[in-house]
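Structural description and commentary
So you can see what is in the structure, the chains are spelled out below.
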Amino acid sequence: MRALASSLRCFGARQPLGAVGAAIVAVLVATAVFAPALAPHGPKEAVFTPYLAPSPEFPFGTDHLGRDQLSRVIWGARLSLYVGLVSVVFGVTLGGLWGVVTGYFGGAGDNASQRIVDVLMALPPIILALSLMAALGQSMNNVVLALAILLAPTAARTLRALALSIKESPFVEAARAVGCSHWRVIVLHVLPNTLAAYIVLLTVNIAYAIVVEASLSFLGLGAPPDEPSWGAMLNAGAQAIEAAPWMFLFPGLAISLTVLGLNLVGDAIRDLTDPRLRGGLG
Amino acid sequence: MRHDYVMRRLLLFVPTLLGASLLIFILLRVVPGDIAEILVYQTGSESSAIQQKQVQQIRAELGLDKPVVLQYVDWMRDALAGDLGQSYVQRRPVAEILKERLPRSLELAVLTIVLAVVWAIPLGVVSAVRQNSWVDYLARMLSISGLSLPIFFTGVLILYCLVRFFRWLPPLEFVEFWRDPAENLKQLIWPALAQAWYISAPIARLTRSQMLEVIRQDYVRTARAKGLAERAVVYRHALRNSLLPVVTFVGWWGGRLLGGLVIVEIIFSVPGMGSALAQAVAQRDYPTVQAMVFVMALIFLSLNLLVDLAYGWLDPRIGYS
């Protein structure tokens, strides 16, 4: 416990911005996990007067359907984090594994898979996501699926490049020489060496996934309309910004803070894993 | 060697473009509810035998009753002959819509990139030269906040402030650049600023990290040792050599940007390609979506190719193999 505390302090001293980010992310995670206990009302309960300004009873006011905005922002943390985490873990893991395996074996299969990645990366992400949502239909799971499809190609490309260089290293040659099968080499020697890059990809992409989810909801093609998505709340808020600016402000601040926290943590992790960026001007 | 590389890239260009357009083609056709149903059932009435007949008639007229692959081949053949088809919703040639919308989005994209670069590169340089000072922290906070404030938040806020405090109203009618440049820029500067604020963040960060790397190189030390002024060291020796990846990145973003303008175009009611495309996807206006995605992918891939080739020209150490 004391070791943990001291290593946290060390991280805070070396990466002050990263520590701030970690604190924001910790609050976000706590909010998401304890949403049912923290939120005074249900996210879909439309039982109050619409467009009430912030007051002690409703600190964030109520929205156009008379729902408590504070509760919706709190439940929104859970939705955003769920979508961000699941789609990123799903997309980056599968895309990354795909890239490592095809890169390791090389040949026609690798070539074909790289062409598929080319195609997916040639389409503008928002347009691909919009088309996927139109094709799949609006539901939470489809948002996750569309985001995973969006994220997988980048992960495949990054980890494939890494696998190509690991494949040539002496320890892989040695493992092959003592008779390890290709699959054993991949699982025991190649994959563990891609772990650092994999973790950086995860942290960087969670923020991106949360923003894309909110963008889709803002455009009306993300989560179903009654779900407490920050993007959908922003859309409703933008329509009523003259009459009820709080409807726009609070979800906007929530998503900005979340993305800021995640970016700060991602930055710190990247700085720590990239030895070239350490130290002073020399 | 170099010749081979260019050839290989050109050979990959066409299949990638075709693949991208085929993918969108198929995606749109698995969407539940096609244009025929939307046109006939728009009144929201119960489906009757007559309506079903109408749906089938429209499908036959538009060729939607054929197998998807055949439809794609038909579309491709016409497109190669220069006929991009008719928009189902607007009932006019897609080529006409493109000609109207594409220049607006291109202009917005160029304006955005220029604004972003002018602001982001000096920010990245200052941040690197004064690493870990308060200037660095401030510059990094600025750029990371640009990355963290989603465009649909900042965009609406900017619009709201403009309307509230400056009595500025989003234009009812878009004024083309060639008709009135000043009026046109007045309309596009705000969406461009909102978008530039967002994309300047990664450019500033990349400039910073590249500068940090280059500034530790031996030739920079040599430049300092021979007594060059700090300005000359930073701008002539360090910055020039750190800009290469930045150029690649900006080129990549530039290609990507055309599709990324959707949200900002909608917020600021710029009748560009992004907003038209989002609308066409929602209305299942296949020919319009098809043509626009094709053009976007074409521009993206061409820019990528140009950036790759320019890279070898800018940095002779890079060999193509």
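Rules behind the numbers
Residues numbered from 1 in each chain as written. Chains lettered and ligands numbered in written order. Predicted model: local features only at pLDDT ≥ 70, side-chain atom pairs only at ≥ 80, totals over all residues. Heavy atoms only, no water. Contact = heavy atoms within 4.5 Å. Salt bridge = Lys/Arg side-chain N within 4 Å of Asp/Glu carboxyl O. Polar contact = N/O pair within 3.5 Å; in protein donor to acceptor, adjacent residues only side chain to side chain. Helix = DSSP H or I, 4+ residues; strand = E, 2+ residues; numbered from the N terminus. Buried < 20%, exposed > 50% of the residue type's maximum accessible area, 1.4 Å probe, protein only. Core = buried A, V, L, I, M, F, W, Y, C linked by side-chain atoms within 4.5 Å.

**Examining the interface of chain A and chain B**
Listed per partner, the contact involves 47 residues of chain A and 49 residues of chain B. Seen at the junction of chain A and chain B, the total is one salt bridge. For A:Asp267, the salt bridge is made with B:Arg205, and the minimal N-O distance between the two is 2.9 Å. Here chain A is connected to chain B by five residue pairs in polar contact (both at pLDDT 80 or more). Of all the elements in the fold, those that place two or more residues in the side of chain A that touches chain B are α2 (16–33), α5 (107–122), α6 (125–136), α10 (195–218), α11 (230–239) and α12 (246–273) of chain A. With 13 residues, the single largest contributor to the side of chain A that touches chain B is α12(A).

**Looking at the pattern of salt bridges**
All names here are of chain A. The tally for this structure, following the rule as stated, stands at 17 salt bridges over all chains. One salt bridge connects Arg 160 with Asp 110, and the closest N-O pair in it is separated by 2.8 Å. With Arg 160 in helix α7 (residues 140–167) and Asp 110 in helix α5, this residue pair connects regions lying 50 residues apart in the sequence. Take Arg 160: its relative accessible area is 19%, and that puts it in the buried class. For Asp 110, a relative accessible area of 8% corresponds to the buried category. Each of Lys 44, Asp 226 and Glu 227 takes part in salt bridges that share partners, so that together they form one network.

**Let's talk about the nonpolar core**
Ranked by internal contacts, the top residues of the largest apolar core, which has 162 residues, are B:Phe152 and B:Met211. Residue contributions to this core peak at 15 residues, all from helix α5 (residues 94–129) of chain B. Setting aside residues up to four positions removed in sequence, B:Phe152 forms contacts with A:Val211, A:Ala214, A:Ser215, A:Phe218, A:Leu234, A:Phe248, A:Ile255, B:Ile263 and B:Ile267.

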